[in-house]
Structure formats: structure tokens, C-alpha cells
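Listed here are the chains, written in short residue letters.
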Amino acid sequence: VLINEVGARDGLQNQPVQVSCDDKLRLIEALAAAGVRAIEATSFVSPKAVPQMADADHLFPRLAHPDRIAYSALVPNRRGLERARAAGVKEIAVVLSATDTMNRRNINMSLDEAQAMCVDTVRAAVADGVRAKAYVAVAFECPFEGAVAPARVLALSESMFAAGAQEVVIADTIGAAAPAAVTRLLRECVAHFGAARLSAHFHDTRAMAMANAWAALEQGIRKFDASVGGLGGCPFAPGAAGNAATEDLVVLFEQCGYDTGVDLDRLRQAVALAGALTGRAVGGRTTTWLQAGEEKQARQAHTA
Ligand code: COA
Ligand code: ZN
């Protein structure tokens, strides 16, 4: 199972504190040290819209281990793509929300405009040898328009693949999905596009991220976005709480026999750093349990 760590982007874009470029690099380095192989490092969006990502041009060229880590960055338009290319980005992600209102709130475009913009941006990226993936956001439910029909998600995904996107990320941006809906939508998506070209992005707003990830895994999905410490939430989607926590997903998958390549002890150091940098007591649900295990081990070592 491949974990795509999105904490430095989805996790930090919504924090009340501004984390410095150096500290973001420390966090990303801690994640790399834990064995994370794919990292969405930043977004090249308008600094007026998301001030937390204003340092993208400085951050991206300084990322370490580009040989073994697939770094990507989110771009909202051609301007973002140009900035990303100048910074050395080899993989971009565009965001196409499934409803009109969500696109207007997020990127100030109608659904049709956003779709045209994403097609254009993906085409330009691919023509330039840049890998492109596309988020289909609010794929289950929109905070403004309510339930989203699977047929619409399929059609939008189809248009992104047709434009040349190598991957589509089905995103439950506000954490409104439940496993039955995940099964229904992803079964159709996998039947149409194949599991290898799909990944899933869940938020834990209602404590369903793990169940949803499991439902997606059962449909053949093997790529998941996750955020260290469960940091996250879209500033433009009311009600969006944290992402599925990387450590929770790693424990879930590893305990069920799937290899993530992530070292839990080292990941916990990254979780602690994320907490220190944001000033928030972050941590997935497994954190307390992992800590308790560590304390027990320490006691046993002491007795021995
Ligand atoms: N990077 C940096 N600046 C950008 C930019 C980009 N990719 N795209 C546009 N801008 C600048 C413009 O130059 C303009 O600057 P100015 O006011 O100094 O002239 C300003 O942003 C507004 O540009 P405009 O084309 O009028 O766009 P807008 O105000 O309608 O905003 C977006 C559209 C897409 C740029 C903006 O809504 C955005 O960046 N959204 C990202 C939202 C996000 O990150 N959501 C979370 C992740 S899904
Ligand atoms: Zn998200």
C-alpha cells in the first residue's frame, strides 16, 4: 500500500499558525526518515487565498532525496503550473470539485470553468513531461449542494483521464462518506478506470476515515492520501476536519498484512514534530496506544 503524505499541504494550509519554510522542511525530512515514499509538499496557489503556502517557490527546490521520494504539488491553474515547473516539480495535482458551488468557493470558477481549467492544466503539464493527477473533490458530499451522484464523479474522472491525467484521487473533502457509499462509488470507478490509476483521500470528520479506507482497499485501491497526526482540512469547505492520520492508516494496513514501508517509531517522531510546529495536540487515534506500548516496553526493559 502506498501512502501519499499530504500533511505539509492539506495539513498546514488550514492552520492558524504560519509554519516557517525551514520547519516545513524539517517535518518533510522527518516523514522521509520514516520511510514515506510519496509526499505532496505544497501548493502553488494564490498567496492571498492561502497565505500558509506562500513559500512554495522557496520550499520545493530545497526538498531532500528527490531520487527516492515522489514529491508532488497542488496547482490551481496555469500560473500555478508555471511556478511549479520553475521550482522543479515533476508531479502536479489539480483540483476539480464535483459541484458548482464548491468550485466557486475554492477557486472562484464555475464547475464548467474549473473543468476546462483542469483539462488545460493537465494537458500542458503532460506535454511538458510532468506527471499529472487530478483530485475529484467533494466526491461524496458537498458542504453546499449536498449528496453528489456517482455518475458525476465518473464523468469528471473520465474527463481528467482523457486530458492525460495519470491518476485520479477520489476525495471525501469534508469527511461525509460512509463505507457503503465508498464501496458503491469505488466499485464503479475501479470497473471503469482500473484500481492502479486511482487513489483515495479521506477526512476523519466523523471518525469514519479508517472504515472508508478499508472499504476502498476492498475495492482494490492501494494508494491513499494521509496526513501526519491527522492534520488538515480545507479552508473553503466548512466542516472539513482533519485528514485520515498517516499513523492510523499505517497501523491499520500493517496489522492486516499490507506493507506500507513506513516505520512507526520514526513516524511517531514526525507526529510529535507536527504537534510542536502547529501548537496543536495532533495525533491519530493510535498515538495513545503506541505511547502506552512504548512505556510498557521501557518498564520491561527496566525490570530486566
Ligand atoms: N499563484 C500565485 N498567484 C496567483 C495564482 C497562482 N497559481 N493564480 C492567480 N494568482 C494571483 C493573480 O496574479 C492575482 O494577483 P493580484 O491580485 O496581485 O493581481 C490574484 O492571484 C487573483 O487572481 P485571479 O486570476 O483574479 O484569481 P481569483 O482571485 O479568482 O483566484 C485562484 C483564483 C485559483 C488563484 C485562487 O482562488 C486560489 O489560489 N485558490 C486555491 C484554493 C486552495 O488552495 N484550496 C485548497 C486546496 S484544494
Ligand atoms: Zn483533503
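Here the residue index of a chain counts from 1 through its sequence in written order. Lettering of chains starts at A and numbering of ligands starts at 1, both following the order in which they are written. Predicted model: local features are reported for residues with pLDDT of at least 70 only, side-chain atom pairs are reported and counted for 80 or more only, and whole-chain, interface and lining totals are derived from all residues. Just so you know, side-chain values use all the structure's heavy atoms and leave hydrogens and water out.

Chemist: Quick question: what am I supposed to make of the packing of helix α10 (residues 246-255) against helix α11 (residues 264-278) here?
Modeler: Each pair of packed helices gets described by two things: the angle between the helix axes and the distance between those axes. The interhelical angle for the contact between α10 and α11, taken along N-to-C directions, is 165°, at an axis separation of 10 Å. As judged from the angle between their axes, α10 and α11 are roughly antiparallel. Note on packing geometry: the crossing formed by α10 with α11 is left-handed. Of α11, the residues touching α10 (which contributes Thr246, Glu247, Val250 and Val251) are Leu264, Leu267 and Val271. In terms of residue class, the contact of α10 with α11 is made up of 5 nonpolar, 1 polar and 1 charged. Every angle, taken between N-to-C directions, lies between 0 and 180 degrees, and every axis is a line fitted to C-alpha atoms, over only the stretch in contact when it is a helix. Here a helix means four or more residues in a row that DSSP labels H or I, a strand means two or more in a row labelled E, and each is numbered from the N terminus. In these notes the angle categories are as follows: under 35 degrees is roughly parallel, over 145 is roughly antiparallel, 65 to 115 is roughly perpendicular, and the rest is oblique. Working rule for handedness: look at the near helix, and if it is turned counterclockwise from the far one by less than a right angle, call the crossing left-handed; if clockwise, right-handed. For this analysis, residues touch if any pair of their heavy atoms sits within 4.5 Å. Each residue is assigned to one class: nonpolar for Ala, Val, Leu, Ile, Met, Phe, Trp, Tyr, Cys and Pro, charged for Asp, Glu, Lys and Arg, and polar for all the others, Gly among them.

Chemist: Looking at this structure, how should I read the site of ligand 1?
Modeler: Nearness is judged by heavy atoms alone; a residue qualifies as near a molecule or strand once a single heavy atom is within 4 Å of it. Close contacts around ligand 1 come from 19 residues, with Lys48, Arg79, Arg83, Asn106 and Asn108 the closest. Identification of polar contacts relies on pairs of N or O atoms within 3.5 Å, with a donor-acceptor requirement for protein atoms, meaning one able to donate a hydrogen and the other able to accept it, and with residues adjacent in sequence counted only if both atoms are side-chain atoms. In this structure, Val45 approaches ligand 1 through a main-chain N or O atom, which is 3.3 Å from a nitrogen atom. In this structure, an oxygen atom belonging to ligand 1 sits 2.8 Å away from a side-chain N or O atom of Arg79. Each accessible area is a Shrake-Rupley result for a 1.4 Å probe, and residues are judged covered by the shown protein chains and nothing else. With the chains in place, 66% of the 920 Å² that ligand 1 exposes on its own is no longer accessible. Elements with a minimum of two residues in the shell around ligand 1: α4 (78-86) and α5 (100-107). For the shell around ligand 1, the element with the highest residue contribution is α4, accounting for 3 residues. Classifying every residue of the shell around ligand 1 by side-chain character gives 9 nonpolar, 6 polar and 4 charged.

Chemist: Looking at this structure, I do not really get the coordination of the zinc ion (ligand 2). What am I missing?
Modeler: Ideal coordination angles are 109.5 degrees for a metal with four donors arranged tetrahedrally and 90 or 180 degrees for a metal with six donors arranged octahedrally. Shown as donors are all N, O and S atoms within 2.8 Å of a metal ion, widened to 3.2 Å for Na, K and Ca; because water is not in the atom set, sites may appear incomplete. Coordination of the zinc ion (ligand 2) by the protein comes from Asp10 (OD), His201 (NE2) and His203 (NE2), over a distance range of 2.0 to 2.1 Å. Motif for the zinc ion (ligand 2), donor spacing along one chain: D-x190-H-x1-H. Between buried and exposed lies partly exposed: a residue is buried under 20% and exposed over 50% of the maximum accessible area for its type, with that area taken using a 1.4 Å probe on protein chains only. Take His203: its relative accessible area is 2%, and that puts it in the buried class.

Chemist: Sorry if this is basic, but what is going on with the nonpolar core here?
Modeler: Generally speaking, soluble globular proteins have nonpolar side chains that are buried together. Side-chain atoms within 4.5 Å link the members of a nonpolar core, which is a set of buried Ala, Val, Leu, Ile, Met, Phe, Trp, Tyr and Cys residues. Residues Phe44, Phe60, Ile92, Met160, Ile170, Phe202 and Phe224 are the most contacted members of the largest nonpolar core, which totals 107 residues. Those residues in contact with Phe44 that lie beyond four places of it in its chain are Ala56, Asp57, Phe60, Ala73, Leu74, Val75, Pro76, Gly80, Arg83, Ala84, Ala87 and Val89.

Chemist: Is there a simple way to explain the environment of His203 in this structure?
Modeler: On the secondary structure map, His203 appears in the loop between β9 (198-202) and α9 (209-218). Residues His203 and Asn243, spaced 40 residues apart in sequence, show a C-alpha to C-alpha distance of 4.0 Å. Excluding anything up to four places from it in sequence, His203 contacts Asp10, Asp172, Thr173, Ile174, Gly175, Ala209, Gly232, Gly233, Ala241, Gly242, Asn243 and Ala244. Of the polar contacts made by the side chain of His203, one reaches the side chain of Asp10; its length is 3.4 Å. Here the side chain of His203 touches His201 through a polar contact of 3.1 Å, side chain to side chain.

Chemist: Just to check I follow, could you spell out the packing of aromatic side chains for this structure?
Modeler: Two aromatic rings from Phe, Tyr or Trp, using only the six-membered ring of Trp, form a pair when their centres are within 6.5 Å; if the ring planes differ by under 30 degrees the pair is stacked, by over 60 it is edge-to-face, and anything between is tilted. Applying the stated rule across the entire model yields 4 aromatic pairs. Pairing Phe161 with Phe193 gives two aromatic rings, centres 4.9 Å apart and planes at 45°, and the pair type is tilted. In this pair, Phe161 is assigned in helix α7 (residues 150-163) and Phe193 in helix α8 (residues 179-193), connecting sequence segments 32 residues apart. Taking 5.0 Å as the distance between ring centres and 40° as the angle between the ring planes, the aromatic pair formed by Phe224 and Phe253 counts as tilted. One end of the pair, Phe224, is in strand β10 (residues 223-226); the other, Phe253, is in helix α10, and 29 residues separate them in sequence.

Chemist: Could you clarify how one ought to interpret α5 in this entry?
Modeler: Every α-helix carries 3.6 residues per turn, so stepping three or four residues along brings you back to the same face. Inspection of α5 places Met102, Asn103 and Ile107 among the buried residues, and these make up the whole buried set. Angularly, the buried residues of α5 cover 100° about the axis, an arc narrow enough to put them on a single face. Buried residues along α5 sit against β4 (91-97), α6 (111-127) and β6 (141-142). Its side-chain oxygen placed 3.2 Å from the backbone nitrogen of Met102, Thr99 serves as the N-cap of α5. Arc, as used here, means the arc of the directions from the helix axis to the C-beta atoms.

Chemist: I would appreciate a short explanation of the sheet that holds strand β3 (residues 70-74) in the present structure.
Modeler: By definition, the strands of a sheet pair up through backbone hydrogen bonds, in either a parallel or an antiparallel sense. The pairing criterion is simple: DSSP has to find at least two bridges between the two strands. A barrel is described by the order of its strands in space; here 8 strands give the closed sequence β1-β2-β3-β4-β5-β8-β9-β10, paired in parallel fashion. Geometrically, the sheet is characterised by an average inter-axis angle of 25° between neighbouring strands, direction not taken into account. Pairing between strand β8 (residues 167-172) and β9: 5 bridges, direction parallel. Each residue of the ladder has a partner; that of Ala171, found in β9, is His201. Contacting β1 (2-5), β2 (38-43) and β3, helix α2 (residues 21-33) runs over the sheet at an angle of about 170° to β2.

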